[in-house]
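Examination of the molecular architecture
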Amino acid sequence: MIQTVTLLVIATLVAADQLIKYLVTSNLNVDESCMRIPGFIEIRYCRNYGGMMGTFNNMGKILAAVTIVIILVGIGAIIFKKIKFGLPYVCITMILAGGIGNLIDRLVLGYVVDYINVLFVDFYIFNFADCLVTVGAFLLIFYEIYQLIKESGKKRKDNA
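Below or above, wherever it landed, is the structure these notes cover. Worth saying up front: this structure is predicted, and the values here are computed from it rather than measured.

**Examining the overall build of the protein**
What the protein contains, in helices and strands, is 4 helices and 3 strands. Ordered by position in the sequence, the α and β elements of the protein form the string α-β-β-α-α-β-α. By principal-axis analysis of the C-alpha atoms, the protein measures approximately 65 × 35 × 30 Å. Evaluated residue by residue, the protein yields a buried proportion of 36% over its 160 residues. If you take every contact in the protein between residues at least 6 apart in sequence, the share linking residues at least 24 apart comes to 65%. Looking at the protein as shown, the accessible area adds up to about 10,200 Å², and 70% of this sits on carbon and sulfur atoms.

Pasting the structure below:
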């Protein structure tokens, strides 16, 4: 049952990502912006032919192949109950949804539609799918570090 709900959540997040990208591409020309909070954030349509933060420029096919493998492994882990429900499960769900959202762009368009431009720091333009992948990955990393520290403390206590 939880696997079905998880797949529906992933599908909903992917649909939201694709809807936002559709609205951006339908209403803006490349490098055009709208909806600004001066000095803070704007919506600016940008085409990303590489990976996150400008890495792997013009290597979309390789990125797509790697993404497909990660998605298949992640969905397999969910379907075959290799991950028990909890924060890591939620993180993997977020990472998968974001990965699928950007994969659709790469396969259909040949680039990823980016549109969130943070103005108060010099940073790359990104999208909702990127947010899902980044937040999911960072939460998973911090969770795993916390677990290591917790286990290390327990071992010290048991050895004392």
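**Points about the sheet that holds strand E1 (residues 33-37)**
Here we have 3 strands laid out as an open sheet, ordered E1-E2-E3, and antiparallel in their pairing. Where the open sheet ends on each side, the last strands, each with one partner, are E1 and strand E3 (112-118). Each neighbouring strand pair of the sheet contributes to a mean axis angle of 30 degrees, computed without reference to strand direction. With 6 bridges connecting them, strand E2 (residues 41-48) and E3 associate as antiparallel partners. Looking at E3, one finds that cysteine 46 is bridged to aspartate 114. On top of the sheet, helix H1 (residues 2-27) reaches E2 and E3; it is set at about 80 degrees to E3, its chief contact.

**Digging into the pattern of salt bridges**
Within the structure shown, the criterion is met by 5 salt bridges. The residue glutamate 42 makes a salt bridge to arginine 36 at a minimum N-O spacing of 3.3 Å. For arginine 36, a relative accessible area of 52% corresponds to the exposed category. The closest approach of N and O atoms between glutamate 42 and arginine 44, which form a salt bridge, is 2.8 Å. Across the pair, exposure class does not vary: glutamate 42 and arginine 44 are buried alike.

**What about the packing of aromatic side chains?**
The final tally for this structure, using the stated rule, is 6 aromatic pairs. Their ring planes at 55 degrees and their centres at 5.3 Å tell us that tyrosine 49 and tyrosine 111 sit as a pair that is tilted. With tyrosine 49 in the loop between E2 and helix H2 (60-79) and tyrosine 111 in the loop between helix H3 (87-108) and E3, this residue pair connects regions lying 62 residues apart in the sequence. Taking relative accessible area as the criterion, tyrosine 49 reaches 35% and is therefore assigned partly exposed. Residue tyrosine 111 is classed as buried on the basis of its relative accessible area of 10%. Ring geometry for phenylalanine 85 versus tyrosine 89: centroids 5.2 Å apart, planes at 55 degrees, classification tilted. On the accessibility criterion, phenylalanine 85 (58% relative accessible area) is exposed. With relative accessibility at 3%, the residue tyrosine 89 sits in the buried group. Through a chain of ring-to-ring contacts, the aromatic side chains of Phe123, Tyr124 and Phe126 assemble into a single cluster.

Analysis parameters
- Residues numbered from 1 in each chain as written.
- Predicted model: local features only at pLDDT ≥ 70, side-chain atom pairs only at ≥ 80, totals over all residues.
- Heavy atoms only, no water.
- Helix = DSSP H or I, 4+ residues; strand = E, 2+ residues; numbered from the N terminus.
- Buried < 20%, exposed > 50% of the residue type's maximum accessible area, 1.4 Å probe, protein only.
- Contact = heavy atoms within 4.5 Å.
- Areas by Shrake-Rupley, 256 points an atom, 1.4 Å probe, with all protein chains shown as cover.
- Pairing = 2+ DSSP bridges.
- Axes fitted to C-alpha atoms, helices over the stretch in contact; angles between N-to-C directions.
- Salt bridge = Lys/Arg side-chain N within 4 Å of Asp/Glu carboxyl O.
- Phe/Tyr/Trp six-rings, centres within 6.5 Å; stacked < 30°, edge-to-face > 60°.

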